[in-house]
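Results of the structural survey
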Amino acid sequence: MIEHDYWAMMGLATRKAGRFAIGRMTGSAYSLRCVVFHDVSAAESPFTKAMGVSITPGKFEAVLKFLVRYYTPVSLDEVLAGPRIGKLPQRAVIVTFDDGYASAALCAELCRELRVPAVFFLNAAFLDNKRLAPDNLVCYVANTFGMDVLNRAARAVKTSSVLHLQTMADVFHRLFPILSPAERQEFLNAAAQLAGVDEGALARQASLYLTSKQVRELACEGSEIGSHTSNHVHCRTLAAPDMDGEIDRNKEELEAISGKRVRSFSVPYGSSADLNSELTQHLKSSGYQAAFLSESVANAAEADPLRIDRVSIRTGAAHALFLQIEILPRLRVIRNRLFHRRTLKRAHAKPPFSLTQPEYSKESFERTQN
Ligand SMILES: [Zn+2]
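Cut-off values and rules
- Residues numbered from 1 in each chain as written.
- Predicted model: local features only at pLDDT ≥ 70, side-chain atom pairs only at ≥ 80, totals over all residues.
- Helix = DSSP H or I, 4+ residues; strand = E, 2+ residues; numbered from the N terminus.
- Buried ≥ 20, exposed ≤ 12 C-beta atoms within 10 Å, placed from the backbone.
- Contact = placed C-beta atoms within 7 Å.
- Core = buried A, V, L, I, M, F, W, Y, C linked by C-beta atoms within 7 Å.
- Domains from an automatic or database assignment.
- Pairing = 2+ DSSP bridges.
- Right-handed = clockwise from strand over helix to strand, strands pointing away.
- Axes fitted to C-alpha atoms, helices over the stretch in contact; angles between N-to-C directions.
- Parallel < 35°, antiparallel > 145°, perpendicular 65-115°, else oblique.
- pLDDT = per-residue confidence, 0-100.

Turning our eyes to something else, we now look at the overall build of the protein chain. Scanning the protein chain for helices and strands turns up 14 helices and ten strands. A burial count over the protein chain gives 46% of its 370 residues as buried. Taking contacts inside the protein chain between residues at least 6 apart in sequence as the whole, the part at least 24 apart equals 72%.

Here it is, written out as structure tokens:
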């Protein structure tokens, strides 16, 4: 059975059989649903095309209305009311946005209209469109000049000279995690130079991100501002001094801009491989109270606020949303538990499938092979 038919059949089955009862049959311990959006726009641009981060305004509105109808939107205050998440209203959901796209301002308006509290995770380095985020620069170069330019840039950096990059997914999930912050910057500089683009001018022209003024307005109007590192880095690549800049300074800058305390952190790329004990310890000592991943796994009642998982949303269809928010995260808990048992028996076993559902979905990169 092809995947499309499978999901269509699942959608029909869930409509007919009582959606939430089916959800509970796949595991009842699911205390906090959490969703994440990135760019909300009518069409992808060369800076976002094939990254899998865009959803249309119509679909976004449909998702918010779906959440309001079937769930109880909660604020970060409610999530942080106890030492563990759990004592929350029935089917509590928290709505978050990563990367500080300019569309966040309009999204916040709709959230306010529908009384949905929202958290915006921002990178201070890209506010006011002074620079392009690495992922948008890579995406622009790949879409406009082809993957060959990125391969030539990778060969200019010693650590990555042996890699062959076929898709943007290779850049984000194979190349970036093995580069130090300085090497990643070397790669980005080489890519911009080989493509002949002026990153600063391109950033101003594209105006992809929020301005400081808009961030202040978001905070004044009641939205929660959180940190997403200064430069959107894989945290596993950070040495202790880098953490000060990426995590502490970003917090300080966002607090100065918003006038509000920053107490939550979203892990760039969303992988638990980056939320290691060093990062968790650093977040705690820097005053963060919550940390968010994007592996689309259900949060148990006793979950630690410093390890909350989220589902990345790109559809507005109710049956698909139900599967993505209610069913699949529970199944991933079972899958991860089974795999964990297996690895305890076979210490060197390799996963039969990917255990992670990172910030950008892998399927979305397949069109970029050129
Ligand atoms: Zn991000």
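A positive phi angle, close to 60 degrees, is found at asparagine 129, a residue other than glycine. Positionally, asparagine 129 belongs in the loop between β6 (118-122) and α6 (134-145). On the basis of neighbour counts, which here come to 18 C-beta atoms within 10 Å, the residue asparagine 129 falls in the partly exposed class. Unusually for a residue other than glycine, histidine 232 sits at a positive phi of about 55 degrees.

Another aspect to go through is the nonpolar core. If you look at the biggest cluster of nonpolar residues, it comprises 102 residues, and the most contacted ones within it are Leu150 and Ala191. The leading source of residues in this core is α6, at six residues. Each of domain 1 (29-130 + 209-345 + 356-368) and domain 2 (134-202) gives at least three residues to this core. With sequence-adjacent residues up to four places away left out, leucine 150 is seen in contact with Val138, Val141, Ala142, Leu165, Val171 and Ala191.

Let us look at the pairing of β6. With respect to burial, β6 is a largely interior element, five of its five residues being buried. Across four bridges, strand β5 (residues 92-98) lies against β6 in parallel orientation. Across the sheet, residue valine 95 finds its bridge partner in β6, namely alanine 118. With helix α5 (residues 104-113) bridging β5 and the parallel β6, this β-α-β connection has right-handed handedness.

Attention now moves to the environment of isoleucine 308. Tracing the sequence through the fold places isoleucine 308 in the loop between β9 (290-292) and β10 (311-312). Through-space distance from the C-alpha of isoleucine 308 to that of valine 297 is 9.0 Å; in sequence the pair is eleven residues apart. Excluding residues that lie within four positions of it along the chain, isoleucine 308 makes contacts with Leu32, Cys34, Ile85, Ala290, Ala291, Phe292, Asn299 and Ala303.

Residue placement: aspartate 39 occurs in strand β2 (residues 39-40). The exposure class assigned to aspartate 39 is buried, which follows from the 22 C-beta atoms found within 10 Å. Taking the C-alpha atoms as reference points, aspartate 39 and isoleucine 55, 16 residues apart in sequence, are found 6.5 Å from one another. Contact partners of aspartate 39, with chain neighbours within four places excluded, come to Thr48, Val53, Ser54, Tyr101 and Ser103.

Turning our eyes to something else, we now look at the packing of α6 against helix α7 (residues 147-155). Axis separation between α6 and α7 bottoms out at 6 Å; the angle between their running directions is 130 degrees. Taken together, the axes of α6 and α7 lie oblique to each other. In this structure, α6 contributes Val138, Val141, Ala142 and Phe145 to the contact, and α7 contributes Met147, Val149 and Leu150.

This part takes up the environment of alanine 240. Mapped onto the secondary structure, alanine 240 falls in helix α12 (residues 240-258). On the basis of neighbour count, alanine 240 is assigned to the exposed category, with 8 C-beta atoms found within 10 Å.

Turning our eyes to something else, we now look at the confidence of the model for the protein chain. Per-residue pLDDT for the protein chain averages 87, and the proportion of residues at 70 or more is 83%. Per-residue pLDDT stays below 50 along residues 350-357; that stretch engages in nine contacts with residues further than four places along the chain or on separate chains. The low-confidence segment residues 362-370, where pLDDT is below 50, has 18 contacts with residues more than four positions distant or belonging to other chains.

Counting buried positions along strand β1 (residues 32-37) gives six out of six residues, so the element sits mostly inside the fold. Going residue by residue along β1, you find Leu32, Cys34 and Val36 tucked away on one face and Arg33, Val35 and Phe37 tucked away on the opposite face as well. Where β1 and β5 come together, six bridges link them in parallel fashion. Looking across to β5, one finds that phenylalanine 37 is bridged to phenylalanine 97. Bridge analysis of β1 against β10 gives two bridges, and the strand direction is parallel. Among the inter-strand pairings, valine 36 is bridged to a residue of β10, identified as serine 312.

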